[in-house]
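# Topology and contacts: notes
Below, each chain spelled out in residue letters.
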Amino acid sequence: DAKTTQPNSMESNEEEPVHLPCNHSTISGTDYIHWYRQLPSQGPEYVIHGLTSNVNNRMASLAIAEDRKSSTLILHRATLRDAAVYYCILRDPNTGNQFYFGTGTSLTVIP
Amino acid sequence: AAGVIQSPRHLIKEKRETATLKCYPIPRHDTVYWYQQGPGQDPQFLISFYEKMQSDKGSIPDRFSAQQFSDYHSELNMSSLELGDSALYFCASSLHELAATDTQYFGPGTRLTVL
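### Looking at the overall build of chain A
Scanning chain A from terminus to terminus reveals zero helices and nine strands. When the elements of chain A are put in sequence order from the N terminus, they spell out β-β-β-β-β-β-β-β-β. Radius of gyration (C-alpha) of chain A: 13 Å, near the 13 Å computed for a compact globule of 111 residues. Counting the 111 residues in chain A, one finds 46% classified as buried. Expressed as a percentage of contacts within chain A between residues at least 6 apart in sequence, the contacts between residues at least 24 apart total 58%.

### So, the sheet that holds strand β5 (residues 55–56) of chain A
Residue and element names in this part refer to chain A. Read across the sheet, four strands follow the order β2-β7-β6-β5 without closing on themselves; strand pairing throughout is antiparallel. Single-partner strands in this sheet number two, and they are β2 (18–23) and β5. As judged from the six bridges shared by β2 and strand β7 (residues 70–75), these two strands associate in the antiparallel manner. Directly across from N23, in β7, lies its bridge partner S70.

### A few points about the interface of chain B and chain A
On the side of chain A, 22 residues touch chain B, which itself brings 19 residues to the contact. When chain B packs against chain A, the two sides together hide about 1700 Å² of surface, and 52% of this comes from carbon and sulfur. Here chain B and chain A share zero salt bridges between them. At the level of elements, β4 (31–37) and β5 (44–50) of chain B are the ones that each hand at least two residues to the side of chain B that touches chain A. Looking at which element gives the most residues to the side of chain B that touches chain A, the answer is β4(B), with three residues. Its residues assigned to classes, the side of chain B that touches chain A shows nine nonpolar, seven polar and three charged.

### Observations concerning the sheet that holds strand β8 (residues 74–78) of chain B
Residue and element names in this part refer to chain B. Across the sheet, four strands lie side by side as β1-β3-β8-β7; this open sheet has antiparallel pairing. The open sheet has two edge strands, β1 (5–7) and β7 (64–68), and neither has a second partner. Going from strand to strand, the sheet's axes swing by 15° on average, the running direction of each strand aside. Bridge analysis of β1 against strand β3 (residues 19–24) gives three bridges, and the strand direction is antiparallel. Bridge assignment links I5 to a residue of β3, and that residue is Y24.

### Quick word on the nonpolar core
Proteins that are soluble and globular tend to have nonpolar side chains buried together. Ranked by internal contacts, the top residues of the largest apolar core, which has 22 residues, are W34(B), L76(B), M78(B) and Y89(B). With 21 residues, the next largest nonpolar core counts C22(A), W35(A), C88(A) and L90(A) among its residues.

### Quick notes on the pairing of strand β6 (residues 53–57) of chain B
Residue and element names in this part refer to chain B. Of the strand pairs in this sheet, β5 and β6 are connected by four bridges, and their pairing is antiparallel. Across the sheet, residue I47 finds its bridge partner in β6, namely K57. The turn linking β5 back onto β6 is made up of two residues, and E51 within it adopts a positive phi angle of 50°.

Thresholds applied
- The residue numbers shown here count from 1 along each chain, following its written sequence.
- Chains and ligands are labelled by the order in which they are written, letters from A for the one and numbers from 1 for the other.
- pLDDT decides what is reported in this predicted model: residues at 70 or higher carry local features, side-chain atom pairs at 80 or more are listed and counted, and totals for whole chains, interfaces and linings draw on all residues regardless.
- Only hydrogens and water are set aside when side-chain values are computed; all heavy atoms of the structure are taken into account.
- Segments assigned H or I by DSSP are reported as helices when at least four residues long, segments assigned E as strands when at least two residues long, and all are numbered from the N terminus.
- The globule rule used for comparison is 2.2 Å times the number of residues to the exponent 0.38, while the radius of gyration itself is calculated over C-alpha atoms.
- Categorising residues by exposure relies on relative accessible area from a 1.4 Å probe, with only protein chains included: less than 20% of the type maximum marks a residue as buried, more than 50% marks it as exposed, and the intermediate range marks it as partly exposed.
- Residues are treated as being in contact if the distance between any of their heavy atoms lies within 4.5 Å.
- DSSP bridges decide pairing: two strands pair if at least two such bridges lie between them.
- Accessible area that two parts lose when put together, with a 1.4 Å probe and added across both, is what the buried area reports.
- Salt bridges are identified by distance alone: a Lys or Arg side-chain nitrogen within 4 Å of an Asp or Glu carboxyl oxygen.
- The nonpolar class holds Ala, Val, Leu, Ile, Met, Phe, Trp, Tyr, Cys and Pro. Asp, Glu, Lys and Arg form the charged class, and all remaining residues, Gly among them, are polar.
- Lines fitted to C-alpha atoms define the axes here, with helix axes fitted over just the stretch in contact, and angles between the N-to-C directions of these axes take values from 0 to 180 degrees.
- Take the buried residues of types Ala, Val, Leu, Ile, Met, Phe, Trp, Tyr and Cys, join any two whose side-chain atoms come within 4.5 Å, and each joined set is a nonpolar core.

This is a description of form; function is not addressed.
Here it is, written out as structure tokens:
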């Protein structure tokens, strides 16, 4: 699977939007972009995923660059409960359904 | 809604002992994945099963084996435990026909400590 690059850590003030970037310059045409997050001492939790178009759900928005070589997870209003490690993962359904987690971004939310 | 159940939640073993971790997927989910997360590390894929057959294999040591049963629950068997096996072990489940684009639902994990 193609690799992703994320900043090791980011900070955000509570109630403000957060933009978490992810670079995936070697993404293939069949790779889906998945975002999961892991709160302390918990299992990873699904956030959002997309292929080409921007996606919105109740948790977040996913903005995908036109060339698909990067994407941004947007949390519209950060809360203290959003403090977690956020993983950007590429998955090609043709090569298996497991996830290969890279080094995610540890988000700190400042009250 | 029912979630993935893992048991036990905590397990303490001595070196060279064996351990069995159990995973009960979300009802109707037919695919199970196992991940290992060492201290301060990111989750690493071990193995997955679909319809009781191994579907994909990751970095699972030869000392470990796993299987999926007819009720879709899965067990991870770990033998000759080493100190380095101390980790959180997560199980995830999904519905195979949607697995390509659908989400995986993770359990709370089993924390294994090897002394």
